Amino acid sequence: MPFRMILSFLCLLCINQAIADVRLPKIFDSHMVLQRNKPIPVWGWADAGEKVTVELSGSGITKQIKTIKAGKDGKWILRLNAAEAGGPYQLVVKGKKNVLTLDDVLIGEVWICSGQSNMQWTVKASDNAKEEIAAADYPLIRQFEVPREISLTPEDDLSKGQWKTATPENVGQFTAVGYFFGRELYKKLGIPIGLINTSWGGTIVETWISKEAMKSFNEFSDVVDAMPLSMEALGEKRKTRLTNAIDELQGGLPTAGDVQSWSSASFDDSNWKTIEVPGNFDRKDFQYLDGVVWFRSEFILPDSLAGLSVALSLGTIDDIDDTYVNGIKVGGTTSKTASGRIYILEPSQLHAGKNSIAVRIEDLGGRGGFTGKPEDVKISRGAYEQSLAGTWKFRIESYTDNNQFTGPNDAGTLLYNAMIAPLIPYAMQGAIWYQGESNAGRAFQYRKSFPLMISDWRNRWKEEFPFLFVQLASFNANNGNSKNGSTWAELREAQALTLQALPRTGMAVIHDIGNPQDIHPTNKQDVGKRLALRALEIAYGQNVLSQGPQFQSMQAEGNKLVLSFNNVGSGLIASGKYGYLQGFEIAGADKVFHWAKAEIRDGKVVVWSDTVTDPVAVHYGWADDNMEANLFNKEGLPAAPFRTDTWKGITEEVRFK
């Protein structure tokens, strides 16, 4: 090809590339739901100065056509007029080079669903999943799932995403809390419901706050100033911290020759450090550790079992194990599995008296270690059981770089930048939020950080939209109570204080439907229903009793304290088959709490203890696991846990770093 023709071809190619397609954010797609009764922002990108036309049309709606010129940076935004609920409609966006046509567009109520794993939790993992999925015939309920990504700077778009309808084929992957919330609203309002699911398990509130808002809070400003300039730098910082911790623990990593003897019955592990089993080895001193860790322990086989086979149970292990007894390999897995490890030990592998156990665990990513329950770690035969839970020896063989050194909690703002900023200013009614478990250790600071996040989002959307959230369920996180102190009780208190700090906020109380043994209670249906009640009152102005009793005031009467509540509805009751109140504690000036007797009298609760003659304070449901607290109104809504004192808690000095 002559040089002149090649040059002409290249110039033509450059011209064609310079004329960019008009483009929309990923949140705009067919099957989307737009917010009713509010101006509808539509935005995107085109060539600088390019004329863009946006058209909304369909049966039953007044056709709208609006135009805008892209700015010098190629960005454009316009607002369609507010419209009533309805659809399906068509949204068409035209540029000078291309036309984008979005079909099956609905107008209704749009809610952001955000938080950590209990919001991310899917319908297919919830109660009655099979029945719920089969019954999901709600084509007017739609979900958009935001991809889980992190960024050090605000992104202007998502990497991907689709709007999907609530059908049996799709709904299993919906956020369960969001879906059951949306389903209740749909039944009450009868209009389309859009759910924007932007959630990530295990995340802290600070990662959902913008850098500017973080900087405005004096307790966060120094942390923001110290943030790395790149994700690579952040990863190296975390990796260095891990290697330093390993060096301090055991003087570095072993050689291949060293490891060969670690399964032996005669191996001397006296210089190994100790760890509690079961437990995750990568959640405390060795955060971000993916790799191989060895564990060693012993058990005494009674003479009565000598010559007999015995079952060795280790519970669930994350991820792969090789298990040795007296130096003999007795079992293992070659791939990741969630099933419990139970190995049958033959008489030839055992002897009466002391027997050694060595377990090599390879963590492929995420949590690692013995992840089952203490009662599952044991040896047994028939009615005989010997617990193996407790203190074991451990040593790290190796670690792997799985890009685990950068994650959503490694700095503030990372999820705001990647999972919230690209959604702004999409029109919506409000937000529902289920998070706090990962902030329990900094519960006192959550009194400021949580309202800061809410205010930040409202400022970004330039609207004081309803913000509804779920108070933490009952869960025995760390045996916390009034005696030991409870991080979860203090976090619940911080959540409740947010109701006083900010208008148009609402809280769903769910301690009665939690699971003391599972941080992910599977009854998400009632969570959604209680959030929907709050929405009907706060967002839609309906005259409904949307919450349970809340402590209002206290009055002393001799050795008794009389408590008054609001939101009592048609009356207070003690829920449960026994018919008496539980969960109340009382203390005198010595600050020592005692379990108290309590009864309902004339619409109030009277609390006392025979061991406290001059009471000054009451706790109700003040524990990690507070499931026994059973004060309700007759409408079936539980009272929020509370305390009447302001004595210093165990999280008051803990800060985000």
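Rules used throughout
Residues numbered from 1 in each chain as written. Predicted model: local features only at pLDDT ≥ 70, side-chain atom pairs only at ≥ 80, totals over all residues. Heavy atoms only, no water. Pairing = 2+ DSSP bridges. Helix = DSSP H or I, 4+ residues; strand = E, 2+ residues; numbered from the N terminus. Core = buried A, V, L, I, M, F, W, Y, C linked by side-chain atoms within 4.5 Å. Buried < 20%, exposed > 50% of the residue type's maximum accessible area, 1.4 Å probe, protein only. Contact = heavy atoms within 4.5 Å. Expected span 1.5 Å × (residues − 1). Axes fitted to C-alpha atoms, helices over the stretch in contact; angles between N-to-C directions. Parallel < 35°, antiparallel > 145°, perpendicular 65-115°, else oblique. Left-handed = near helix turned anticlockwise from the far one by under 90°. Nonpolar A, V, L, I, M, F, W, Y, C, P; charged D, E, K, R; others polar.

(A) Layout of the sheet that holds strand β30 (residues 593-595). Strand order in the open sheet made by the four strands is β30-β29-β33-β35, with antiparallel pairing throughout. The open sheet is flanked by β30 and β35 (642-643), the only strands paired with a single partner. Relative to β35, strand β33 (residues 617-620) is paired through two bridges, and the arrangement is antiparallel. Paired with His619 across the two strands is Arg643, which belongs to β35.

(B) Fine view of the nonpolar core. With 82 residues, the main nonpolar core has Phe28, Trp76, Tyr426, Trp433, Met453, Trp457 and Phe467 as its most contacted residues. Of all the elements, helix α10 (residues 443-461) adds the most residues to this core, at eight residues. Not counting the four nearest positions on each side in its chain, Phe28 is found in contact with Leu34, Pro41, Val42, Trp43, Leu91, Leu102 and Tyr426.

(C) Main features of unusual backbone geometry. Between Val277 and the following residue, Pro278, the backbone shows a cis peptide bond with an omega angle of 5 degrees. Inspection of the secondary structure puts Pro278 in the loop between β11 (273-277) and β12 (279-280). Phi is positive for Asn479, which is not a glycine, with a value near 55 degrees. Note on placement: Asn479 falls in the loop between β24 (467-470) and α11 (487-501).

(D) Spatial organisation of α11. In this model, α11 (15 residues) spans 21 Å end to end at C-alpha, consistent with the 21 Å of a helix rising 1.5 Å per residue. Here α11 has its buried residues at Trp488, Ala489, Glu490, Leu491, Arg492, Glu493, Ala494, Gln495 and Thr498. Packed against the buried residues of α11 are α10, β24, β25 (505-508) and β35.

(E) Main features of the packing of α10 against α11. Two elements in contact, α10 and α11, have axes separated by 8 Å at closest approach and are oriented at 40 degrees. Looking at the two axes, α10 sits oblique to α11. In this structure, α10 meets α11 at a crossing whose hand is right-handed. Where α10 abuts α11, its residues Ala443, Tyr446, Arg447, Phe450, Pro451 and Ile454 lie against Thr487, Glu490, Leu491, Glu493, Ala494, Gln495, Leu497, Thr498 and Ala501. Looking at side-chain class alone, the contact of α10 with α11 contains nine nonpolar, three polar and three charged residues.

(F) Region of interest: the sheet that holds strand β32 (residues 604-608). Within the open sheet, the four strands sit side by side as β26-β27-β32-β31. Their pairing is antiparallel. Sheet topology places β26 (550-557) and β31 (597-601) at the edges, where each strand pairs with a single neighbour. Direction aside, neighbouring strands of the sheet carry axes that sit 25 degrees apart on average. Here strand β27 (residues 560-566) pairs with β32 via four bridges, running antiparallel. Residue pairing across strands places Val562 opposite Val606, the latter belonging to β32.

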